[in-house]
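# Structure at a glance
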Amino acid sequence: MEKPASPWAVLKHAPFARYMTGETISMLGTWMQMMAQSWVVAGLTKSNFTLGLLNFASGIPMLVFASWGGVLADRHDKRRILLLTQIVQIITAVSLGWLVYIKEISVWHILIAGVCLGTSAAFEMPAASALIPELVGRERLRAAISVDRSLFHATRTAGPALGGWLMQVMGTASAFFANAASFLAMIIALFTLPSRPVGTAEEEAQRQTGMSEGWKYIRGDRPTRTMILLLMSITTCISPFFMITMSNFCRYVLHVPEEKFGILMASSGVGAFVGSLWLLRIAGQHRRTYLRGAAAIIALAMFGFSQARNLYEAMAALVFMTGGTSTLFGLANTIVQERAPDALRGRVSALTGMSFFGVLPFSGLLVAAIADSVGLRQAMGGAALLFGLAATAILYRYQHACEEQPVAGKLIVES
């Protein structure tokens, strides 16, 4: 019987530990700003469609530039790519914070900031996803992803709560300035990381190929393809409500005040953190069972959240919903990363990321328009049912895909 090791043992690798330290501090600031910005936007507009439009502005650059980001991540030094993206995010955070401080912030300012951040994320996401395997090796990849997700969701718990407290004590702008300062930790960590080891001649030749090789691999590997479809189903049915309309739901449906909004957002991180801790303890032969269970929990919790009448009911539903999404996202990404060839990992990461960032702009607009038309509660309930049906069909396909193709197909690059 497989006995999983402690996920934290991977932190004995000093470069990975330094990177995780920088990322944890940086993500604390990011969650603080996300919560503060969501609250600012909710004060500027009651329109769910406007919220969807703002998300659309940040998501379109991801769709346009993520392919280039994946190619650059495979060909060039990922540390330099990440350094440049941190600088862009610092400038954006300081600019938004100053506009909030002088009370001149408008929707169009946030629209422009969204385009800048979306462009930055298009290059940051594939580089960051492909960097972790270089720091720990393929044999420790599952542990590294588990720790990465656990720390990510721990900051998702602490960041909004800390941001809510900071906004109450020092004003809303302070959350933006704190985020700008937090990127310095990541920059310091990146300067300490070693460069990528040179691979075989075949691997280095693959790194110089284009994005079409990433598409070719995904088309030929059915388990990877079904996991991407599963992530797209979450992005279509679940993520828009959490990422886009949550502030309006809390402010205008539940009538949650500013300080309790931070607590509600922090509670969503509790379930996500617990879900991420399960990842390393799930043996390979049990993954399909956990995927099905996580999908069922997400659908039921989403419906429960749509019916919540007060803060505490909403918190309970969010704990289960984010626990399920954390488990499902973590398992799907682990499967994709474990199967991906090293030389194509940046491009595969970019295409996998597009299942979220490339779909969310469009699903966000659609969901926001539906919510404005029929109401947030009704839209959430319908989305929960649709996700349950889609996940059932996709996981049925995944089972057959694994039986037919248990090992990832080897991509042959013609000279």
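Criteria and cut-off values
- Residues numbered from 1 in each chain as written.
- Predicted model: local features only at pLDDT ≥ 70, side-chain atom pairs only at ≥ 80, totals over all residues.
- Heavy atoms only, no water.
- Helix = DSSP H or I, 4+ residues; strand = E, 2+ residues; numbered from the N terminus.
- Expected span 1.5 Å × (residues − 1).
- Polar contact = N/O pair within 3.5 Å; in protein donor to acceptor, adjacent residues only side chain to side chain.
- Phe/Tyr/Trp six-rings, centres within 6.5 Å; stacked < 30°, edge-to-face > 60°.
- Patch = residues over 30% accessible without salt bridge, like charges linked within 9 Å, V, L, I, M, F, W, Y side chains within 5 Å.
- Areas by Shrake-Rupley, 256 points an atom, 1.4 Å probe, with all protein chains shown as cover.
- Salt bridge = Lys/Arg side-chain N within 4 Å of Asp/Glu carboxyl O.
- Buried < 20%, exposed > 50% of the residue type's maximum accessible area, 1.4 Å probe, protein only.
- Axes fitted to C-alpha atoms, helices over the stretch in contact; angles between N-to-C directions.
- Parallel < 35°, antiparallel > 145°, perpendicular 65-115°, else oblique.
- Left-handed = near helix turned anticlockwise from the far one by under 90°.
- Nonpolar A, V, L, I, M, F, W, Y, C, P; charged D, E, K, R; others polar.
- Core = buried A, V, L, I, M, F, W, Y, C linked by side-chain atoms within 4.5 Å.
- Contact = heavy atoms within 4.5 Å.

### Digging into helix 14 (residues 311-339)
Its 29 residues place the ends of helix 14 42 Å apart at the C-alpha level, agreeing with the 42 Å of an ideal helix rising 1.5 Å per residue. Capping the start of helix 14, Asn310 holds a side-chain oxygen 3.1 Å from the backbone nitrogen of Tyr312, two or three residues further along.

### With respect to the packing of aromatic side chains
Geometrically, a pair of aromatic rings is defined through the distance of the ring centres and the angle of the planes. Counting across every chain of the model gives four aromatic pairs. Between the aromatic rings of Phe65 and Trp68, the centroid separation amounts to 5.6 Å while the plane-to-plane angle is 55°, which identifies the pairing as tilted. Taken together, the residues span about one helical turn, with Phe65 and Trp68 both in helix 2 (residues 48-75) at a distance of three residues. Aromatic rings pair up to connect Phe65, Trp68 and Phe123 into one cluster.

### Details of a nonpolar patch on the surface
Together, Phe49, Leu53, Trp108, Leu111 and Ile112 line one region of the surface with nonpolar side chains, adding up to about 460 Å² of accessible area. Listing elements by their share of the nonpolar patch, those giving two or more residues are helix 2 and helix 4 (107-136). In terms of residue count, the dominant contributor to the nonpolar patch is helix 4 (three residues). Residue placement: Leu53 occurs in helix 2. Note on Leu53: relative accessible area 38%, which makes it partly exposed.

### Some details on the packing of helix 13 (residues 287-306) against helix 14
For the pair helix 13 and helix 14, interaxial distance at closest approach is 8 Å and the crossing angle is 150°. Relative to helix 14, the element helix 13 is oriented roughly antiparallel. As helix 13 packs across helix 14, the resulting crossing turns out to be left-handed. Here the contact of helix 13 with helix 14 is built from residues that sort into 17 nonpolar, five polar and two charged.

### Description of the nonpolar core
Core analysis: the largest hydrophobic core is formed by 76 residues, its most contacted members being Met227, Leu291, Leu328 and Phe387. Ignoring anything within four residues of it in the chain, the contact list for Leu291 reads Met227, Leu230, Leu328, Leu331, Ile335, Leu395 and Tyr398. Membership of the second largest hydrophobic core comes to 30 residues, among which are Met20, Ala143, Val147 and Leu190.

### A look at the pattern of salt bridges
Using the criterion set out here, one finds two salt bridges in the structure. In this structure, the salt-bridge partner of Asp77 is Arg79, at a minimum N-O distance of 2.6 Å. We classify Asp77 as partly exposed; its relative accessible area is 25%. Residue Arg79 is classed as buried on the basis of its relative accessible area of 18%. The partner of Arg339 in a salt bridge is Asp221, and the shortest N-O contact between them spans 2.7 Å. Here Arg339, found in helix 14, pairs with Asp221, found in the loop between helix 8 (211-220) and helix 9 (222-237); they are 118 residues apart in sequence, far enough to count as distant.

### Thoughts on unusual backbone geometry
We note that Lys103 has phi near 60°; this positive angle belongs to a residue other than glycine. Relative to the helices and strands, Lys103 is located in the loop between helix 3 (78-101) and helix 4. Judged by its relative accessible area of 72%, Lys103 falls in the exposed class.

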